[in-house]
Amino acid sequence: MNRLTKVGCLVLVSFVLSLSSNLAFSVEVDATTVLEKVDAYRNFKGQSFAFDLTLISQSPNKDDSSFGMKALIHDSHTSLITYETPVKEKGKALLMNGRNLWFFTPKNRKPIKITPQQRLLGEASNGDVASTDFSKDYVPTILKEEDIEGQSYTVLELNASEDSLAAYKKLHLWVSSDSYKPFKAMFFAPSGKHLKTAFYEKYETLPYLNNKLQLTEIRIVNAVQEGKSTIMRYENFQITETQAADFKPGKIKQLANQQL
Amino acid sequence: MRHFSLFGVLLAVSTNAAYADLNLLDGLTTSLVLEGERQFEQKGGALDPDRTLVPVADHSTRGVLRVGYSLYWDDYSIELRSRPSYSDSDEAGVNGEFQQRTEHFSVNYSGSLVTLSGGVTNFIEGAGYSWNPSNPFAEIRHNEKDNASQYVREGDPYFSAKLDGSDYGVRLLWTDFKNSEQDNQLYEGRLNSYAIKANFLLEASEVSATGALLQDKQFYGSSVSSTFGDQLELHGEVGVVEKGHSLEFVSTDVNLGPQTLSLYELQREEDEGWDTRLLLGGQYTFTDNTNVLVEYLYNGSGYSDSDWKRYRQAVEDASTNQQDPVLGSAHRGFLLNTHSTIGLFRQHYLFTRVAFAGSGDSDTLSLLARFNLHDESFLAGINKVWNIGDSWITNMSMNGFKGKAYSEYGWVPYELQLQASVEYFF
């Protein structure tokens, strides 16, 4: 091989490498962009916000149980959820600050440290309620495009980023290819076991918040125990001003009052 | 009762149309609890084999009105937790007793950095579940009943100022702390106390350090709790307290002419040095939400093996001679005092609890046990909660105490406690 041919080969290899790396980058950017657009239906772009939440837990051969709550979200890892109804639950609260979680009951007064695994209610974990920001916790990649009943969806695989506080290690997320609305998500345990599926069922325009289109209802179906599901219904979104310093065990009652 | 007067005024004001924008009833939570308890005597314990010293009321029933109230306006708030109750038979077998306890009443100002608070309260703090040695104002908890009682005891007067940063807090506290019955043998009445507590929040950890002056005793404590992954939480607490006084077991020989008898006493004595108390524990939550908690307790002020041997001998002697015409009453007094110190008698304990279902969930079942690692005596309990509709909760629990004739839990007056309660929320 003469010197000119060697140089030519090097240029060609460099070109191919450069092209492939650009392509890979382009796919990654697309997945990230898709996820950001998904999050826009679930949060308010870095602003603190509050909402009322109704959880309806459904089990076979049992009456539905309904719980009314208020959620105050400082960011996806700093939040307070207080129980409003039924009357016997009133005053209970779940405080999340990073990986620190406390459960508070008026009867005990002392906030009890709990593990993130301890679920909020029915099929809904604290992460399901408070984590409204996939982008911060997960690295997305595009798995495939899929058509369901004539609608085209981009299927993302989200893997928890290193040291993230993600509630799940991995999930698959179906996103409408034209509107970027999340359609459904399958959540997996670290072992790969399918834990539950979330269906993002209802979107509403919020006239008092610049006609923002907001996700307002999620149905979570237990993948292991057939027939068990939980509906999460969101209402009365408000943009709030909160301080991270207030999300501490000693300030639960004061913070809860801000939600009233 | 003064708190109730204030409460009544607030309720009256709530009907005034001028205050319509401040809904004074929003912060009111009330429930009525009816509870019954059945106890079965423990026989065979060497401390009181015939149950003549500490009679066990075989049953008691109680009605409790739990009242919680909070009112917030601007940066100010008032909080109240109170519980008037009526018992038809208390543990001493006294019929018809009305009690009014105010667990908490406070007036608070919460600025952006500083929170000022004053009133009466119980200080229930620390990472541990079964014991909080890092809390200078924690009472000794002998069993799960005591564990529950700590939340409903009459609050102590206090004033505190707290500075809050984003990931830290510093609190200065004054309180006129009332000792538990057990600690009263060391210090009578109230302890004029001051404390400073700093706590820090890290991403997955909470750390606190406390320094306190309990009248004339220094106290230092620290607590840490960390979460590892989604399922594991580990915690530890340590407290060192200047002894000042200690409850010493004293044996005195009494010459009665033809014979010499020993007289035993628990005497409050001046003592130097420090007592260390330690708790190490952790909890693991399985994917089905079953939670397992294990805690090891070290009680530095408990009897060592050699002290225990002497003490046990004294109990044996006093128990045998409690009918002695001359020293019998002194022996019975010694045995009675011993009863009141059952709980953290010794140095090494293990506590464990398994809870099925979790926080906020509908029905829970929990099993628990505490082992005295010296004499293998233990308490074991089971508790079941049923939620009925939106307004009712029922609860049934059973605690059993088991041990040899000369063991700590073998000396508990009852071997079985059955409790049932029903609570209606208004």
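In this text the structure is predicted, and so the values were computed from the model without any measurement.

Draft legend 1. Geometry of the overall build of chain A. For chain A, the helix and strand inventory stands at 4 helices and 13 strands. In chain A, which comprises 260 residues, the share counted as buried stands at 38%. Across chain A, every contact between residues at least 6 apart in sequence was considered, and the portion connecting residues at least 24 apart equals 47%.

Draft legend 2. Looking closely at the overall build of chain B. In terms of helices and strands, chain B carries 4 helices and 18 strands. Looking at chain B as a whole, 32% of its 426 residues are labelled buried. Considering only contacts within chain B whose residues lie at least 6 apart along the sequence, 56% involve residues at least 24 apart.

Draft legend 3. Layout of the interface of chain A and chain B. Residue-level contacts link 35 residues of chain A with 42 residues of chain B. For the side of chain A that touches chain B, the elements supplying multiple residues, two or more each, are β5 (100–104), β6 (112–114) and α4 (252–258) of chain A. Ranked by residue count, the leading element in the side of chain A that touches chain B is α4 of chain A, at 3 residues. Split by residue class, the side of chain A that touches chain B holds 12 nonpolar, 12 polar and 11 charged.

Draft legend 4. Spatial organisation of the environment of Ser229 of chain A. Relative to the helices and strands, Ser229 of chain A resides in strand β13 (residues 229–239). Considering only alpha carbons, one finds Ser229 of chain A and Arg219 of chain A, 10 residues apart in sequence, at a separation of 6.9 Å.

Draft legend 5. Representation of the nonpolar core in the model. Of all hydrophobic cores here, the largest spans 54 residues; its most connected members are Leu53, Ala71, Leu80, Ala93, Leu95, Val175 and Met232 of chain A. Among the elements that take part in this core, strand β2 (residues 65–75) of chain A stands out by supplying 5 residues, more than any other. If you look at the next biggest cluster of nonpolar residues, it comprises 14 residues, including Phe378, Leu379, Tyr409 and Tyr414 of chain B.

Draft legend 6. Local environment of helix α4 (residues 328–340) of chain B. Residue and element names in this part refer to chain B. For α4, built from 13 residues, the straight-helix expectation of 18 Å at 1.5 Å per residue is met to within 8% by its first-to-last C-alpha distance of 19 Å. For α4, the set of buried residues is His331, Phe334, Leu335 and Thr338. The buried residues of α4 occupy an angular sector of 95° when the element is viewed end-on, so they sit on one face.

Draft legend 7. Representation of unusual backbone geometry within the structure. Residue and element names in this part refer to chain A. Thr85 connects to Pro86 through a cis peptide bond whose omega is 0°. Tracing the sequence through the fold places Pro86 in the loop between β3 (78–85) and β4 (93–97). Although it is not a glycine, Glu149 adopts a positive phi angle of roughly 50°. Tracing the backbone through its elements, the reader meets Glu149 in the loop between β7 (138–148) and β8 (151–160).

Draft legend 8. Molecular detail of the pairing of strand β10 (residues 217–228) of chain B. Residue and element names in this part refer to chain B. Both strand β9 (residues 205–214) and β10 contribute to a ladder of 10 bridges, which runs antiparallel. Along β10, the bridge assignment pairs Leu213 with Gln218. Hairpin remark: β9 followed by β10, antiparallel, with 2 residues in the connecting loop; positive phi at Gln215, about 60°.

Draft legend 9. Here's a closer look at the pairing of strand β9 (residues 170–176) of chain A. Residues and elements named next belong to chain A. Pairing analysis gives 7 bridges linking β8 to β9, with the strands arranged antiparallel. Bridge assignment links Leu156 to a residue of β9, and that residue is Leu173. Alignment of β9 against strand β10 (residues 182–188), held across 6 bridges, turns out to be antiparallel. For Leu173, the partnering residue across the bridge sits in β10 and is Ala185. Where β9 hands over to β10, the hairpin turn is made up of 5 residues, of which Tyr180 adopts a positive phi near 65°.

Draft legend 10. Geometry of the environment of Asp164 of chain B. Within the secondary structure layout, Asp164 of chain B lies in strand β6 (residues 156–164). Between the alpha carbons of Asp164 of chain B and Asn199 of chain B there is a distance of 9.5 Å; along the sequence they are 35 residues apart. Once residues lying within four places of it in the same chain are set aside, the contact partners of Asp164 of chain B are Ala245 and Lys248 of chain A together with Leu113, Thr115 and Gly169 of chain B.

Draft legend 11. Up close: helix α3 (residues 305–320) of chain B. All names here are of chain B. With 16 residues, α3 extends 22 Å between its outermost C-alpha atoms, agreeing within 8% with the 22 Å of an ideal straight helix rising 1.5 Å per residue. Inspection of α3 places Ala314, Val315, Ala318 and Ser319 among the buried residues, and these make up the whole buried set. Looking straight down α3, one finds that the buried residues subtend no more than 125° of arc, so they occupy a single side. Summarising the geometry of α3, the exposed residues directed more than 90 degrees from the buried face are Asp305, Ser306, Lys309 and Thr320.

About the thresholds
- Residue positions are counted from 1 within each chain, in the order its sequence is given.
- Chains carry letters from A onward and ligands carry numbers from 1 onward, assigned in written order.
- Totals for whole chains, interfaces and linings use every residue, but because this is a predicted model, local features are given only for residues with pLDDT of at least 70 and side-chain atom pairs only at 80 or more, for both listing and counting.
- Secondary structure elements follow DSSP: runs of H or I no shorter than four residues count as helices, runs of E no shorter than two count as strands, and numbering proceeds from the N terminus.
- Three classes are used. A residue is buried when 20 or more other C-beta atoms lie within 10 Å of its own, exposed when 12 or fewer do, and partly exposed in between, with C-beta atoms placed from the backbone.
- We call two residues in contact when the distance between their C-beta atoms, placed using the backbone, is within 7 Å.
- Three classes are used: nonpolar for Ala, Val, Leu, Ile, Met, Phe, Trp, Tyr, Cys and Pro, charged for Asp, Glu, Lys and Arg, and polar for all others, with Gly counted as polar.
- Take the buried Ala, Val, Leu, Ile, Met, Phe, Trp, Tyr and Cys residues, join any whose C-beta atoms are within 7 Å, and the set you get is a nonpolar core.
- In this analysis, the expected span of each helix is defined as 1.5 Å times one less than the number of residues it contains.
- Our arc is simply the arc of the directions from the helix axis toward the C-beta atoms.
- When DSSP finds at least two bridges between two strands, those strands are taken to pair.

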